[in-house]
Amino acid sequence: MHRLFDITGQRAAWLDRWGARSDGLDYTARVERALETVASTMESGLDIEGLLAIAR
């Protein structure tokens, strides 16, 4: 089931088959934007260089 609905057209086809509607938005792009937001938030609140130094 993992990534079954990633492809916009495929997701729309499955949802249509089940009597539901897709929002038509690009799921992959939405996930990328969400991950970028998480990364930016973490970078602004954490000492990334300090964490990398500890990891080394």
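Below or above, wherever it landed, is the structure these notes cover. (Residues numbered from 1 in each chain as written. Predicted model: local features only at pLDDT ≥ 70, side-chain atom pairs only at ≥ 80, totals over all residues. Heavy atoms only, no water.)

Here we take up the overall build of the protein. Summing up its helical and strand segments, the protein has 3 helices and 0 strands in all. The helix and strand sequence of the protein, counted from the amino end, reads α-α-α. Taking 56 residues into account, the globule formula puts the C-alpha radius of gyration at 10 Å, and the protein, at 18 Å, lies well above it. When burial is assessed residue by residue, the protein has 4% of its 56 residues classed as buried. With an accessible surface of roughly 4,900 Å², the protein has 59% of that area assigned to carbon and sulfur atoms. Distance from the positive charge centre (7 side chains) to the negative charge centre (9 side chains) of the protein: 10 Å. (Helix = DSSP H or I, 4+ residues; strand = E, 2+ residues; numbered from the N terminus. Rg over C-alpha atoms; globule rule 2.2 N^0.38 Å. Buried < 20%, exposed > 50% of the residue type's maximum accessible area, 1.4 Å probe, protein only. Areas by Shrake-Rupley, 256 points an atom, 1.4 Å probe, with all protein chains shown as cover. Lys, Arg positive; Asp, Glu negative; His and termini not counted. Charge placed at Lys NZ, Arg CZ, Asp CG, Glu CD.)

What follows concerns the side chain of Asp6. Of note, Asp6 is situated in the segment before α1 (8-17). Given the relative accessible area of 13%, Asp6 is considered buried. Those residues in contact with Asp6 that lie beyond four places of it in its chain are Arg11, Tyr27 and Thr28. (Contact = heavy atoms within 4.5 Å.)

What is shown is where atoms sit, not what they do.
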